[in-house]
Amino acid sequence: VVIETQSPMAINTGGRETGFDAQLARDANGLPYIPATAVAGVWSHLVETRLGKDVRKLWFGSTEVSSVLTITNGLIHDSKNYPVTGLRSQQSLTTDPLLALMTQERPLHRERVRINDRGVAADTGKFDQLLLPKGVRFSLSIDWHDNAAKELLAQWQELLACWGDRRFALGASTRNGLGQI
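Novice: Looking at this model, I keep getting lost on the side chain of D96. Mind explaining?
Specialist: Here D96 shows up in the loop between α3 (90–95) and α4 (97–102). Within the buried core, D96 has no salt-bridge partner, and the shortest N-O distance to an opposite charge, that of R88, equals 5.8 Å. Apart from residues no more than four positions distant in its own chain, D96 is found in contact with D78 and S79.

Next up, the structure:
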């Protein structure tokens, strides 16, 4: 599957980056990637909302049952639209204009303010959000396996339909319009 960001995206690790309140998820090359867990989390939530808890458990698993889906991390594409796999030399990262931008400490950032209980900016509530710009492409693989594959084919089509749902957004601040794919 190839996805493209339709709005800026904040895929964070949960850690903090020097000078910023959040840290972008980056691979061994220092390039942003989309963790498979992020995709699985959003997708399974939409499946449960649309198709029910039993269907979600069947496809995405639970503590009692393993998942029939295998999802890989989303790998960023270079400026020639090829996924970046394996380790790259520093020279190849700096000569590609898109990868050079993506390896920067902050490819894109927004300043945000915390809103207090009265709906106005709090005195000490400023924070910076690191983002990926609109138009970045990622590749990921989705595979499923089950003994009852023919019976699950119709359900599989319903699962894929969730990708067209506007709520299928990845990363932080999706309610503010970020993370659309």
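From this point on, the discussion continues.
Novice: Quick question: what am I supposed to make of the sheet that holds strand β4 (residues 74–76) here?
Specialist: One open sheet accounts for four strands, arranged β1-β7-β4-β2; its pairing is antiparallel. For this open sheet the edge positions go to β1 (2–4) and β2 (33–34), each flanked by a neighbour on one side alone. The pairing of β4 with strand β7 (residues 137–139) spans two bridges and is antiparallel. From the neighbouring strand, I76 faces β7, where its bridge partner is F138.

Novice: Any chance you could explain the pattern of salt bridges here in plain terms?
Specialist: A pair can form between side chains of opposite charge whenever their charged atoms are brought close. Under the defined criterion, the tally for this structure stands at four salt bridges. The partner of R56 in a salt bridge is E48, and the shortest N-O contact between them spans 2.6 Å. On the basis of relative accessibility, which here comes to 31%, the residue E48 falls in the partly exposed class. Between R167 and D165 there is a salt bridge, and its shortest N-O distance comes to 2.8 Å. Note on R167: relative accessible area 49%, which makes it partly exposed.

Novice: What am I meant to see in unusual backbone geometry here?
Specialist: Excluding glycine, most residues fall at negative phi; most peptide bonds, likewise, are trans. Positive phi, close to 70°, is recorded for N81, a residue that is not glycine. Residue placement: N81 occurs in the loop between β4 and α3. Exposure remark for N81: the relative accessible area of 35% places this residue in the partly exposed category. Even without glycine at this site, S173 takes up a positive phi of about 60°. Here S173 lies in the segment after α5 (149–161).

Parameters at a glance
Residues numbered from 1 in each chain as written. Predicted model: local features only at pLDDT ≥ 70, side-chain atom pairs only at ≥ 80, totals over all residues. Heavy atoms only, no water. Helix = DSSP H or I, 4+ residues; strand = E, 2+ residues; numbered from the N terminus. Buried < 20%, exposed > 50% of the residue type's maximum accessible area, 1.4 Å probe, protein only. Lys, Arg positive; Asp, Glu negative; His and termini not counted. Salt bridge = Lys/Arg side-chain N within 4 Å of Asp/Glu carboxyl O. Contact = heavy atoms within 4.5 Å. Pairing = 2+ DSSP bridges.

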